[in-house]
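Per-entry structural report
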Number of protein chains: 2
Amino acid sequence: MIDVSADGRAPVVGVLGGGQLGRMLALAGFRLGLRFRAVDPAADSPFADVGPLIVGAWDDPRTLDEFARGVDVVTWETENVPVAAVEFLGARLPVRPGAASLLNAQDRAAEKRFLAGLGIRTARWSTVEETRDLALAGGEIGFPAILKTRRLGYDGRGQARVEDAQALDRAWATMDRVPCVLEEFVRFRRELSIVAVRGLDGECRFYPVVENDHIGGILHRTRAPAPDLAPALAGRAIEMAASVLAAVDHVGTLAIELFESDGDLLANEIAPRVHNSGHWTIDGAVTSQFENHLRAILGWPLGETAARGHSVMINILGAPPSDLRPLARTSTAIHLYGKRPRERRKVGHVTIVDPHPTRAADRADDVERLLGG
Amino acid sequence: MIDVSADGRAPVVGVLGGGQLGRMLALAGFRLGLRFRAVDPAADSPFADVGPLIVGAWDDPRTLDEFARGVDVVTWETENVPVAAVEFLGARLPVRPGAASLLNAQDRAAEKRFLAGLGIRTARWSTVEETRDLALAGGEIGFPAILKTRRLGYDGRGQARVEDAQALDRAWATMDRVPCVLEEFVRFRRELSIVAVRGLDGECRFYPVVENDHIGGILHRTRAPAPDLAPALAGRAIEMAASVLAAVDHVGTLAIELFESDGDLLANEIAPRVHNSGHWTIDGAVTSQFENHLRAILGWPLGETAARGHSVMINILGAPPSDLRPLARTSTAIHLYGKRPRERRKVGHVTIVDPHPTRAADRADDVERLLGG
């Protein structure tokens, strides 16, 4: 258990990445008396307003040296940090989660093989690495299909829906012919996710399965718990998360995006970190995903993951409303990340918590109108 | 409404005082995307771990100049900041609340006269400024009584219970014969308080009246809402708060400490700021006292003050438990301020929120045993 730093004060947590996830980790940890620092290539990272940010590349040893000084435990807020950085830091400090959690999440092909090895279903898929793979993959998977870059995709970037072989050729050219996977287009009933956390001692806890709506590949809304979910499917989601957590000896929070299709669940993607579909837990669960991540990496006991009432989380994209007053008049928890406006950028979110699921949904509709949806 | 800073980003709030109240203001404001800086004479102020702290005296113009640069609105977290500092800053920036809120709270005699002017009862009292006042005051108020310094008292410091005239003489000598008030010792049934907030437009909101237990003059426990409070008394507390808020044109959060005695309420003290007996609102109310203070000083609409369930807040004094694990296993919200341990020092608090008042109380007893109470 990490409970004291070299200076006799509370531990210092170092975060690889200074985005809103790192910022919200710090906000959860400040409440517990923890101290934070982050490292990010971007000087205007959201973390910069709440703590000391080292600006530099994640693969620069001098930057990492400076970052590591005085830090007691390292974590990361994006799976796009280089494995080499995690290993470099891991040679002198605990880095949690470890490189194993990162490896499976950085490459969609590795991830799908990993899931298959655990007996977890995914959409059918095939790799595209050379021009001749296009016809093979198209023939095997059929159309429509989704072409996705193997690496560095997020929020719908690095993917395209393709309707036929010609569109597949064009899409791959648009992606500069980097290694890709072609995935079956799943006609899902809805998108779900499960956020789970595993402690240093291996204890696992699971938040209720939630329902997610995406618009243009970006999470728009999360309903927690997912309405009318068959108990068998909730149990299956927990099994999946438990086996993924254990297989990589994960320490911290992790999310699995799921499709509900034909009465079964398919895994879409693993996010081995705190996740946008878990933001509702700040206001709507006994312990937030951020606090539980910190508890895990510090070796503390995990906190309760039960929901308090019914929550709806709505992302604020692009820019917050120019007049915040109407939103401030609703009984919602407003979260803004201090980011400069940019189209489709996640700049904040709001959470509605209500004892009644239908009232929560109605209130969410009202809030969405205010957000100009 | 202050919604944007000169750099086009979210407003910067400047806080006079870097104690835990300033820190918790910042934590509430970070969630809203706000930026913070604070000024405090102590370099190891709790604020220092969460934001830029200017270290210097509140009455030093150069310190205040540095502090004011880039700040959009100034507030204070302690009534012990000099009125001159508030006026100095107020000449160029909005300072909220203003000097009027400060004046009445810095001097116990002025405070009691102010309350009397609003028709609000207090314990009987008399001033002690010269040696001959001792006999006069002792004769008028009787014994036991409480001798309190007129200025700079907090957490039971600067006050003493005196049983007779000799003890009064000795107590005043111990207080270096500074100006004091001698107060009637009120045989109260219990201590209560009301936390209220007033917006820039004059709108007032009131949190439920709470019950407070003090040990050695320091707040130990708050129960929210106060159990079994007569509705007429709750109404009277709201009236008192409303008249105090309006009389000084207060903008922000304010607390009044009360005695319940003989079926009536007496005002004990005004704290024209966020208050320890309102810490439960972070976890147990729809909008916390900290967020509402920020909403008020920024000119935003106020948030809902309703309680969610029944809360018990317990202060952690001296030092956090050396092993946090047992506490972390309870379903409580743990708040630590990052302060170095010192006897009787407020270093953190925990809040239990439960739908059932008796279960909340039972759980609080369990937590208190873990805190070594």
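Remember, predicted model here, so these are calculated numbers, not experimental data. (Residues numbered from 1 in each chain as written. Chains lettered and ligands numbered in written order. Predicted model: local features only at pLDDT ≥ 70, side-chain atom pairs only at ≥ 80, totals over all residues. Heavy atoms only, no water.)

1. Describing the confidence of the model for chain A
- When pLDDT is averaged along chain A, the result is 95, and 99% of the positions lie at 70 or above.
- Note on the complex model: pTM 0.96, ipTM 0.95. (pLDDT = per-residue confidence, 0-100.)

2. Considerations on the pairing of strand E9 (residues 190-198) of chain B
All names here are of chain B.
- Of all 9 residues that make up E9, 9 are buried, and the element is covered over most of its length.
- Burial of the side chains of E9 extends over both faces: Arg190, Leu192, Ile194, Ala196 and Arg198 are buried on one face and Glu191, Ser193, Val195 and Val197 on the other.
- Of the strand pairs in this sheet, E9 and strand E13 (residues 252-261) are connected by 9 bridges, and their pairing is antiparallel. Bridged to Arg190 within E13 is Glu260.
- Sheet analysis places E9 next to strand E11 (residues 210-215), joined by 3 bridges and oriented antiparallel. Opposite Leu192, over in E11, you have Glu211 as the bridge partner.
- Pairing between E9 and strand E10 (residues 204-206): 3 bridges, direction antiparallel. (Buried < 20%, exposed > 50% of the residue type's maximum accessible area, 1.4 Å probe, protein only. Helix = DSSP H or I, 4+ residues; strand = E, 2+ residues; numbered from the N terminus. Pairing = 2+ DSSP bridges.)

3. Thoughts on the interface of chain A and chain B
- In this assembly, 35 residues from chain A lie in contact with 35 residues from chain B.
- For the pair chain A and chain B, the summed buried area comes to about 3,100 Å², and 51% of that belongs to carbon and sulfur atoms.
- Among the residues of chain A in contact with chain B, Arg9, Arg31 and Asp49 of chain A are the three that bury the most area, contributing 19% of the side total.
- Taken together, chain A and chain B are joined by 2 salt bridges.
- Salt-bridge contacts for Arg9 of chain A lead to Asp49 of chain B; the nearest nitrogen and oxygen are separated by 2.5 Å. (Contact = heavy atoms within 4.5 Å. Buried area = accessible area lost by both parts, 1.4 Å probe. Salt bridge = Lys/Arg side-chain N within 4 Å of Asp/Glu carboxyl O.)

4. Considering the sheet that holds strand E4 (residues 73-76) of chain B
Residues and elements named next belong to chain B.
- Strands sit in the order E3-E2-E1-E4 across an open sheet of 4 strands; the sheet is parallel. Because the sheet does not close on itself, it has two edges, and the strands there are strand E3 (53-55) and E4. Shown here is a sheet whose adjacent strand axes are inclined to one another by a mean of 25 degrees, direction ignored.
- One ladder, built from 3 bridges, connects strand E2 (residues 35-40) with E3; its direction is parallel. Within E3, the residue paired with Ala38 across the bridge is Leu53.
- Most of the contacts of helix H2 (residues 61-68) go to E2, to which it runs at about 175 degrees, and overall it touches strand E1 (12-16), E2, E3 and E4.
- Sitting on the sheet, helix H10 (residues 289-298) touches E1, E2 and E4, and the angle it makes with E4 is about 140 degrees. (Axes fitted to C-alpha atoms, helices over the stretch in contact; angles between N-to-C directions.)

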